[in-house]
Amino acid sequence: MKFLFLLFLGLLSSVSSFSQGKVSGEVKNNAQEPLIGATIQVVGKSNGAVTQIDGSFELQEILPSDRLIFTYIGYVSDTLPPVFGEKMVVNLFETDESLQTFTIKGRTESLVDEAPFLNILITEAELQKAACCNLSESFETNASVDVSYADAVTGTKMIQMMGLDGRYVLISREGIPNIRGLNSRLGLTFVPGTWIQSIDVGKGAGSVINGYESMTGQINVELFKPETMDQWYLNSYLNSFGRLELNANRQIPVSEKWSSGVMFHASQQFLEMDNNGDGFMDMPKTRQVNFLNRWKYEGDQLMAQIGFNVFSSESAGGQLGFGFNDELTTSPMYGYEMDTRKAELFGKIGMIYPSKPTQSWGFQYSMSYQDFSGGAGRRIYEGEEKTLYGNFIYQNIIRSSFHQYKTGLSFLLDDFDERFNSNQTGSLDSTILRTEKVPGAFFEYNYIPNDNFTLVAGARTDFHNLFGTYFTPRIHARWAFAPSLTLRGSVGKGYRTPNALMENSMVWVSSRDIQYKADLQPEVSWNSGLSLAGSWMIKEKPLAVVADYFYTSFESQLVYDQDISSDLLVIDNLQGESFAKSFQLEASYPFSERIQAKAAYKNYQNLMTTNGILQQVPYQSQDRFFFNMAYATRYDKWKADLTVNWNGPQRLPDTSDSPSEFMLATESPDFFLVNAQISRGFRWGSIYLGGENILDFRQENPIVDPENPFGENFDASMTWGPIAGRMVYAGFRMKINN
Amino acid sequence: MKKLILSLIVLAIAFTANAQSNVKTIGIKTSAICEMCKENLEKDLTFEKGVKSVNLDLETKVLNIAYIDGKTNPDLLRKRVTMVGYNADSLPRDPKAYEKLDPCCKDGAHPTPKKGDN
């Protein structure tokens, strides 16, 4: 904090004058508590300061004629003349109490105003609007993440961002990349909803700190923290499809500095549901047990945590009657099985320096082992993945808090061992072995001259043992150019290694021959985007509008081509163009303290070269509408929620070479999905009752030729809509403290 | 769609319209001193059986409650206020509940509101 005079890219310069002086002091609230991180700006100039941990600040080169603006979120700003030679004590007062609580209430899901990235924070209250069940369902009331249907057998829900598959999103758990590799398709179902404290959805190439894999966005999941979680949190859920869940979180107080938390989840899909009468279960029977425990140490300077997560999950689906213990390759029935187990150790260690509050370092790590065993029909698969990850981050400022940087080193080891039967006969005759070792280094510079502008410029270089050097530049800027308008822009590169077999597990449930033509290459893309966020007071309530446009273009992509023939899935590197344009317009408005509405329109132009033609990616609605209405009485005694999604027509893969009775239309029809929930709060928690897909919309004949699952026309992978129809659920949440 | 919206509206009206007939109001003088006390009392009493609405006036320290006669009564409501940790008219607060209150809600605490952690 010695020099607050600013030179940025040589654009600004100023002539110093001898009458300038030093101003120092403290910023406090009206309860005389120091305000940390309050900003002080000099009117009309580029210098300023941010208050330290004790509320203190210091400004250099201040003229007697200068005016200082003191601002802090949630407080009324104050403009004062400088005081030289003695300590300035500045008191800021909280903004109108009623207005403030109102904004906080409304912030169940909101754009993070201060973030340079287009970040949407989904809080616990928002997550509870859709009570079921795990991370794959956590986005039902969020307009930026779409949920899609994988196939008619495995029951997997997939997510999409900007109209592109969720595998292009970096999904991390508390900053550590988590759902990736062989787990990228199934992994969302292994993060129970009752463990999640909040979710941060970032659109566009994210920060370089967490790696090069965020090609379209980042989703970071924060779990409940040992030190702040409820002493007991119990939840049970039951739905009309025969899914039962039990969840329990327990805080274990250890000592003043140590805390520990345990989270447990058990669930079962015990009914064989076949609502459409095609002889196939609409979703597999499942059994899952999931456990996480972590320990946290919080000292004056050192903070550390270590935890582990283990889970085991089994699924059995396919034709009615196929059980957990049936053998896929010998059963007369067509079955689907997927058993997976994972053990993971993870943690963080970090250090802050009270004397130098701008400086800190942290190290995040995880190591995991996961195995998979399963298959569909006569296809069988076994996989193993071992991962080791470490990320060291050092943070400091350059001369003043206008210039902050983060830099560090990372290491990723991914070891894959996959076995499968390529010709769909008995034995596992084919193997994919791959070990990726990727050390990397990154640097990210933050330029924050004032509250209204942020520039983040970052780059990382990674040395991939198989694919050479990855250079990943990314730049983000935020400019609040008017009191109610914020413009954001970003450009960034991203990479990832595809895992063709697991990422295509939906095509396993078809008679398609999987032809693997490509030499494995990393996928490489550029993403750029612009967004404009505005907020206006209408009838004393804020109408928030966000418009964003993102463009993703692939330099290299592994293309899963179902268009060449209805008998084939051809996996090949991109030959030609592939790009995605996404536009979203979202508005939210609280009609009263009780009623809040949110609506969004989305348009995706997502084109990829398949079968030699640049065409719309299949199973992707070009147009979508989203609407959510929330009603809550004071202190959430009663809450009601209604979500409506309209999905426009989707292109379906070319089936013109099929026998005429098995040919599909070129497009799916459009459809509505409506979910609603009511909950009643009590002192001890809440009970809830809800319905999903209330209009009972179902894709007709989701399986092609279900009578002959081993025949050459069978295909359960061409799914564009819901299969099982209306679902009703009920449950309770109980929190016990003291 | 129409049916659904209609049924939700009907449901919402049903919640607000039931049992308006025997609603009574009461004002209980409390020992509340700050915004957090206001939230403590209002939040707790919201979930008390028979209570329709709660509002604490910090100026007068009077907690105004609308309740359904027959489901609860003034004595039960005053008792509940003491269990949250505050005096209710002439009834003294429960000492254990008072102990658990946030420092800013205790006797002699700074009278200005303290910012909660959201």
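Residues numbered from 1 in each chain as written. Chains lettered and ligands numbered in written order. Predicted model: local features only at pLDDT ≥ 70, side-chain atom pairs only at ≥ 80, totals over all residues.

1. A few points about the overall build of chain B
Put simply, the test is: Starting at the N terminus, helices and strands are each numbered in turn, a helix being any DSSP run of H or I of at least four residues and a strand any DSSP run of E of at least two. Neighbour density around each residue's C-beta defines its exposure: 20 or more other C-beta atoms within 10 Å make it buried, 12 or fewer make it exposed, and counts between make it partly exposed, where C-beta atoms are placed from the backbone. By the convention adopted here, residues are in contact when the distance between their C-beta atoms, placed from the backbone, does not exceed 7 Å.
When you go through chain B residue by residue, the secondary structure sums to four helices and three strands. Secondary structure elements of chain B, listed N to C terminal, follow the sequence α-β-α-β-β-α-α. Classification of the 118 residues of chain B by burial places 24% in the buried group. Partitioning the intrachain contacts of chain B with sequence separation of at least 6 by distance along the chain shows that 54% fall at a separation of at least 24.

2. Notes on the nonpolar core
As a rule of thumb, soluble globular proteins bury nonpolar side chains together. Residue and element names in this part refer to chain A. Put simply, the rule is: Remark: nonpolar core denotes a set of buried Ala, Val, Leu, Ile, Met, Phe, Trp, Tyr and Cys residues whose joining runs through C-beta atoms within 7 Å.
By size, the foremost hydrophobic cluster in this structure holds 37 residues, and its most contacted members are Ala131, Cys132, Ala152, Val153, Val509 and Ala724. Those elements giving two or more residues to this core turn out to be strand 33 (558-561), strand 34 (568-573) and strand 42 (727-736). With residues near it in sequence (within four places) discarded, Val153 still touches Phe280, Gly317, Gly318, Tyr336, Ala376, Val509 and Ala716.

3. Section: helix 3 (residues 74-84) of chain B
All names here are of chain B. Among the residues making up helix 3, those that are buried are Leu77, Arg78, Arg80, Val81, Thr82 and Val84. On its buried face, helix 3 is in contact with strand 1 (23-29), helix 2 (35-46), strand 3 (62-68) and helix 4 (95-100). Following helix 3 by one or two positions, Gly85 has its phi on the positive side, about 115°.

4. Thoughts on the confidence of the model for chain A
All names here are of chain A. Put simply, the rule reads: Per-residue confidence from the predictor is reported as pLDDT, which spans 0 to 100.
Averaged over all residues, the pLDDT of chain A is 88; the fraction at 70 or higher stands at 94%. The low-confidence segment residues 1-19, where pLDDT is below 50, has 28 contacts with residues more than four positions distant or belonging to other chains. Per-residue pLDDT stays below 50 along residues 96-107; that stretch engages in ten contacts with residues further than four places along the chain or on separate chains.

5. Things to note about the sheet that holds strand 33 of chain A
Residues and elements named next belong to chain A. The condition that has to hold: Note on pairing: two strands pair once DSSP finds at least 2 bridges between them. Simply put, an axis is a line fit to the C-alpha atoms, just over the touching stretch for a helix, and the angle between two N-to-C directions goes from 0 to 180 degrees.
Strand order in the open sheet made by the three strands is 30-34-33, with mixed pairing throughout. Only two strands of the sheet have a single neighbouring strand rather than two, namely strand 30 (513-516) and strand 33. Ignoring which end each strand starts from, the neighbouring axes of this sheet average 15° apart. Sheet analysis places strand 33 next to strand 34, joined by four bridges and oriented antiparallel. Residue pairing in the sheet places Leu558 in a bridge with Asn573 of strand 34.

6. Looking at the sheet that holds strand 4 (residues 56-62) of chain A
All names here are of chain A. The strand order across the open sheet built from three strands is 4-1-7, with neighbouring strands paired in mixed fashion. A strand with exactly one partner marks an edge of an open sheet, and here the two such strands are strand 4 and strand 7 (88-92). Between one strand and the next, the sheet's axes are offset by a mean angle of 30°, whatever the strand orientation. Both strand 1 (residues 21-29) and strand 7 contribute to a ladder of five bridges, which runs parallel. Directly across from Val27, in strand 7, lies its bridge partner Val90.

7. Re the environment of Lys637 of chain A
Its location among the elements puts Lys637 of chain A in the loop between strand 38 (623-632) and strand 39 (638-647). For the pair Lys637 of chain A and Ile694 of chain A, spaced 57 residues apart in sequence, the C-alpha to C-alpha distance is 24 Å. In this structure Lys637 of chain A touches Arg680 and Gly681 of chain A together with Thr46 and Phe47 of chain B, once residues within four positions along its chain are discounted.

8. Considerations on the pairing of strand 25 (residues 400-420) of chain A
Residue and element names in this part refer to chain A. Bridge count for strand 24 (residues 379-398) against strand 25 is 18 bridges, and the pairing is antiparallel. The residue bridging Gly390 from the neighbouring strand is Phe411, located in strand 25. Count of turn residues in the strand 24/strand 25 antiparallel hairpin: one residue, of which Arg399 carries a positive phi of about 65°. Of the strand pairs in this sheet, strand 25 and strand 26 (residues 430-450) are connected by 18 bridges, and their pairing is antiparallel. Within strand 26, the residue paired with Phe411 across the bridge is Pro439.

9. Overview of the pairing of strand 22 (residues 335-353) of chain A
All names here are of chain A. With 17 bridges connecting them, strand 21 (residues 302-318) and strand 22 associate as antiparallel partners. Bridge pairing in strand 22 places Ser315 opposite Met338. Two strands pair when backbone bridges link them, and strand 22 and strand 23 (residues 356-376) are joined in this way by 18 bridges, in the antiparallel orientation. What sits directly across from Gly347, in strand 23, is Tyr365. Taken together, strand 22 and the strand that follows it, strand 23, pair antiparallel across an intervening segment of two residues.

10. With respect to the packing of helix 2 of chain B against helix 3 of chain B
All names here are of chain B. We count it as follows: When an angle is under 35 degrees it counts as roughly parallel; over 145 it counts as roughly antiparallel; between 65 and 115 it counts as roughly perpendicular; any other value is oblique. By definition, turning the near helix anticlockwise from the far helix through less than a right angle yields a left-handed crossing, and turning it clockwise yields a right-handed one. Put simply, Ala, Val, Leu, Ile, Met, Phe, Trp, Tyr, Cys and Pro go in the nonpolar bin, Asp, Glu, Lys and Arg in the charged bin, and everything else, Gly too, in the polar bin.
With their axes 10 Å apart at the nearest point, helix 2 and helix 3 run at an angle of 130° to one another. Relative to helix 3, helix 2 is oriented oblique. Relative to helix 3, helix 2 is oriented so that their crossing is right-handed. Of the residues in helix 3, those in contact with Asn40, Leu41, Asp44 and Leu45 of helix 2 are Arg80, Val81 and Val84. Within the contact of helix 2 with helix 3, the residues separate by chemical class into four nonpolar, one polar and two charged.

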